[in-house]
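Architecture at a glance
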Amino acid sequence: MSNRIKVTPCACISHDDQNGRLKIELELPGVDKKDIALEMRKDSFCVSAPRGEDTEYSGCFMLAHEVVPEKTEAKYESGLLRVFAPMTDWEQKVNVLVQ
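Thresholds applied
- Residues numbered from 1 in each chain as written.
- Predicted model: local features only at pLDDT ≥ 70, side-chain atom pairs only at ≥ 80, totals over all residues.
- Heavy atoms only, no water.
- Helix = DSSP H or I, 4+ residues; strand = E, 2+ residues; numbered from the N terminus.
- Buried < 20%, exposed > 50% of the residue type's maximum accessible area, 1.4 Å probe, protein only.
- Pairing = 2+ DSSP bridges.
- Axes fitted to C-alpha atoms, helices over the stretch in contact; angles between N-to-C directions.
- Disulfide = S-S within 2.5 Å.
- Salt bridge = Lys/Arg side-chain N within 4 Å of Asp/Glu carboxyl O.

**Thoughts on unusual backbone geometry**
Positive phi outside glycine occurs at serine 78, with the angle close to 50°. Among the structural elements, serine 78 can be located in the loop between strand 7 (73–77) and strand 8 (80–86). Judged by its relative accessible area of 78%, serine 78 falls in the exposed class.

See below:
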């Protein structure tokens, strides 16, 4: 059992409407890229990464749209993990007239 302090990373999730993807940004300062574990599911994701000897970033998040986990891309740079996940059925939408 780990005695590390668990810290939930700060996350920002937005739409990339032009490419039909969710853009997920997670703040993970002070970790090594090789130590980041990212698990994508169609409706959620979990991330964990140790920082030093006593702290670990760890969190699971629900997504507002279903994504294609197999086509997800991730890049870590300067303490920021950027994840791009294609949304399923993004093109199939109906505009509703508000009265």
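**Structural notes on the sheet that holds strand 7**
The strands making up a sheet associate through hydrogen bonds between their backbones, and the pairing can be parallel or antiparallel. Read across the open sheet, the four strands follow the order 2-3-8-7; overall the sheet is antiparallel. The open sheet has two edge strands with one neighbour each: strand 2 (11–16) and strand 7. Pairs of neighbouring strands in the sheet enclose a mean axial angle of 15°, with direction left out of account. Note that strand 2 and strand 3 (residues 21–27) share six bridges and pair antiparallel. Across the sheet, residue isoleucine 13 finds its bridge partner in strand 3, namely isoleucine 24.

**Brief notes about the state of the cysteines**
For the structure shown, the criterion picks out one disulfide. A disulfide-free cysteine, cysteine 10 has its sulfur positioned 7.6 Å from the sulfur of cysteine 12, the nearest such atom. For cysteine 10, a relative accessible area of 46% gives the class partly exposed.

**Here's the deal with the pattern of salt bridges**
Per the stated rule, a full pass over the model turns up six salt bridges. Among the ionic pairs, arginine 82 bridges to glutamate 25, the shortest N-O distance being 3.3 Å. You can see arginine 82 sitting in strand 8 and its partner glutamate 25 sitting in strand 3, a full 57 residues away along the chain. Several salt bridges share partner residues, and in doing so they unite Lys23, Glu25 and Arg82 into one network.

As far as function goes, none of this settles anything; it's purely spatial.
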